[in-house]
Amino acid sequence: MNAANRQMSLIAFMQAQNCTNYVGSWRHPASMSDFLTPAYYQRIARTLEDAKFDMAFFDDRLAMPDIYGNDHRATVENGIRTVKIDPCTVLMTMAAVTTHLGLGSTYSTTYYEPFHVARLFATMDLMTGGRVAWNVVTSFNDSEAANMGHDEHMEHDARYDRADEFLDVVTGLWSSWEDDALIVDKASGRFADPDKVHRLDHAGRYFRSKGPLPVPRSAQGQPVLLQAGQSGRGIAFAGRWAEVVFASYQTREAGRKQYAALKGAAAAAGRDPNLMKVAPAVKVIIGETASMAEEKREMIAALAKPIDSLALLCEVLNVDFATRPYEEPFTDEELAGVSWHSLRDKVIQKTGKKNPSVRDFVEASGRGTINESLTISGTPTQVADQMEEWFSDACDGFVVAATEIPGSYEDFARLVVPELQRRGLFRTEYPGRTLRDTIGVPAPPLRRSPRTALEAAE
């Protein structure tokens, strides 16, 4: 699709828990509270598919935020992302009531084995008719490490080194079966062509895996790969692997720079940058008039509590803010040891302080508030205007985050999507059946292992 008739991707930012990525959402008087039932997620799925969204994507973490004060009590009492049910299972309940909506789930490269992830996502992709995506993450939280039997999380760049090899193995296993390997001829008794099913025989620094994967390929070839790394190492990783990148922009100028950096990383990895979709997170608050939208925004902002920010910052930085003075600057050594590099760098840049304090992290990050990521508010026309401006030169679409469930998605589907469609910026029908059909990114070519190359030579 050329620049003149580009259409944006729309992705719903989901959580399999008591709130959306905005903690205060569960406190909203209009939010549903049946988040432990399939009906909760299926209602959202139907709304998103009716609006022709690309996909619903589930963020996830393997622990509740409990580093602040070394205790889970404040998290539990205040509902700060306390519940975390398995998003892969939830994804399948949504698949059962939809036929086109893409469905993505987070799964860690730090605490699982590649064969398990390859089989799980390949199976889900088959069971959904080719609509699944895997959000590749490197876990960085000490509570996650403790839950998974480790003393501490891996160092930042080491996590990405492991993740690179993890993806080598998973994509190699996904290439075990050629597209036409299955025969299933009852008359001859021939089930599949053994020359088209291949072992991997991977032996690397972190992993060993023989293969073949005992799961044939799906209608879309293999699951779509999602990624959200924002650090220098994360951008390089995205450039090599990601087909959809979830970005975090504070300003359009910063967005243009990051957009160019991500596309450049894809080109540097020998890929077509047009086959990488970049979508920043955005909260959308809609009113019949601009003043009504502003009133809604103020009400939603007031749902946040100070403890939300503290608990969520401690979770991603692996630092207990309860043990240090609010105004005391972090030392160089302490800053070097925090887990989320891009958040640390954002706070340093925004405050202009080489050694920010707890206060600086709380105020500059916006963590736990509606100001953490881009928030657009206004009438449907005003919202569409702003999205169109960003889409023109800073992104390929948006990851829409809800501030109430299901109202945020229902308002967006009912009021904003028709305006985007009227402008030709968003589809009116799905172009095919698979997620790759929807996002316009074909499956990468089958990977050839050393054993397969030897077989070909013979």
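In what follows, the accompanying structure is described.

### Focus on the overall build of the protein chain
- A count of helical and extended segments in the protein chain gives 17 helices and 13 strands.
- Relative to the compact-globule value of 23 Å for 458 residues, the protein chain shows a C-alpha radius of gyration of 22 Å, a close match.
- The C-alpha extent of the protein chain, read off along each of the three principal axes, is 70 × 50 × 40 Å.
- Sorting the 458 residues of the protein chain into buried and exposed places 57% on the buried side.
- Sequence-distant contacts in the protein chain: of pairs separated by 6 or more residues, those separated by 24 or more amount to 77%.
- For the protein chain, the computed accessible surface area is about 19100 Å², with 51% contributed by carbon and sulfur atoms.
- Once the 50 positive and 61 negative side-chain charges of the protein chain are each reduced to a mean point, those two points are 3 Å apart.

### So, the pairing of strand β9 (residues 224-227)
- Taking every second residue as pointing to the same face, both faces of β9 are buried, with Val 224 and Leu 226 on one and Leu 225 and Gln 227 on the other.
- With four bridges connecting them, strand β4 (residues 132-137) and β9 associate as parallel partners. When the bridges of β9 are listed, Asn 135 appears paired with Leu 226.
- One ladder, built from two bridges, connects β9 with strand β10 (residues 244-247); its direction is parallel. Following the sheet pairing, Leu 226 is matched in β10 by Val 244.

### With respect to the pairing of β10
- Alternating residues of β10 divide into Val 244 and Phe 246 and Val 245 and Ala 247, and every residue in both groups is buried.
- Chirality of the crossover, the property in question, places the unit of β9, helix α7 (residues 232-241) and β10 among those that are right-handed.
- Sheet topology note: the β10/strand β11 (residues 277-286) ladder contains four bridges and is parallel. The residue of β11 that forms the bridge with Val 245 is Val 278.
- Between β10 and its parallel partner β11, the chain crosses via helix α8 (residues 252-268), and the hand of that crossover is right-handed.

### Details of the packing of aromatic side chains
- For the coordinates displayed, the defined rule picks out 17 aromatic pairs.
- Considering the side-chain rings of Phe 121 and Trp 134, the 5.9 Å spacing of their centres and the 35° angle between planes classify their relative orientation as tilted. Remark: Trp 134 occurs in strand β4 and Phe 121 occurs in helix α4 (residues 114-127); sequence separation between them is 13 residues.
- According to the relative accessible area criterion, Phe 121 is buried, its value standing at 0%.
- Judged by relative accessible area, Trp 134 falls into the buried class, the value being 0%.
- Taking 5.4 Å as the distance between ring centres and 80° as the angle between the ring planes, the aromatic pair formed by Phe 330 and Phe 361 counts as edge-to-face. Highlighted residues: Phe 330 in the loop between α10 (306-317) and α11 (332-337) and Phe 361 in helix α13 (residues 358-365), separated in sequence by 31 residues. There is no split in this pair, since Phe 330 and Phe 361 are both buried.
- Clustering of aromatic rings is evident, with ring pairs tying together Tyr 107, Tyr 112, Phe 121, Trp 134, Phe 166, Trp 174, Tyr 206 and Phe 207.
- The ring centre of Phe 391 lies 3.9 Å from the NZ or CZ of Arg 6, which sits over that ring.

### Let's talk about helix α6 (residues 156-174)
- When the terminal C-alpha atoms of α6 are compared, their 27 Å separation across 19 residues agrees well with the 27 Å that a helix rising 1.5 Å per residue should span.
- Taken across its 19 residues, α6 has 17 buried, putting it largely inside the fold.

### Considering the side chain of Lys 283
- With respect to the secondary-structure elements, Lys 283 resides in strand β11.
- Glu 372 provides the closest opposite charge to the buried, unpaired Lys 283, separated from it by 5.4 Å.
- The contact partners of Lys 283, leaving out residues within four places of it in the chain, are Asn 21, Tyr 22, Thr 369, Ile 370, Ser 373, Leu 374, Thr 375, Ile 376, Ala 401 and Thr 403.

### A few points about the packing of α4 against α6
- Here α4 crosses α6 at 45°, and the two axes come no closer than 9 Å. For the element pair α4 / α6, the angle class is oblique. Judged by the twist between their axes, the crossing of α4 over α6 is right-handed. Between α4 and α6, the contacting residues are Pro 114, Phe 115, Val 117, Ala 118, Phe 121 and Ala 122 on the first element and Phe 166, Val 169, Val 170, Leu 173 and Trp 174 on the second.
- Per-class residue counts for the contact of α4 with α6 are eleven nonpolar, no polar and no charged.

Each value, and the rule that gives it
- Residues numbered from 1 in each chain as written.
- Predicted model: local features only at pLDDT ≥ 70, side-chain atom pairs only at ≥ 80, totals over all residues.
- Heavy atoms only, no water.
- Helix = DSSP H or I, 4+ residues; strand = E, 2+ residues; numbered from the N terminus.
- Rg over C-alpha atoms; globule rule 2.2 N^0.38 Å.
- Buried < 20%, exposed > 50% of the residue type's maximum accessible area, 1.4 Å probe, protein only.
- Contact = heavy atoms within 4.5 Å.
- Areas by Shrake-Rupley, 256 points an atom, 1.4 Å probe, with all protein chains shown as cover.
- Lys, Arg positive; Asp, Glu negative; His and termini not counted.
- Charge placed at Lys NZ, Arg CZ, Asp CG, Glu CD.
- Pairing = 2+ DSSP bridges.
- Right-handed = clockwise from strand over helix to strand, strands pointing away.
- Phe/Tyr/Trp six-rings, centres within 6.5 Å; stacked < 30°, edge-to-face > 60°.
- Lys NZ or Arg CZ within 6 Å of the ring centre and 35° of its normal.
- Expected span 1.5 Å × (residues − 1).
- Salt bridge = Lys/Arg side-chain N within 4 Å of Asp/Glu carboxyl O.
- Axes fitted to C-alpha atoms, helices over the stretch in contact; angles between N-to-C directions.
- Parallel < 35°, antiparallel > 145°, perpendicular 65-115°, else oblique.
- Left-handed = near helix turned anticlockwise from the far one by under 90°.
- Nonpolar A, V, L, I, M, F, W, Y, C, P; charged D, E, K, R; others polar.

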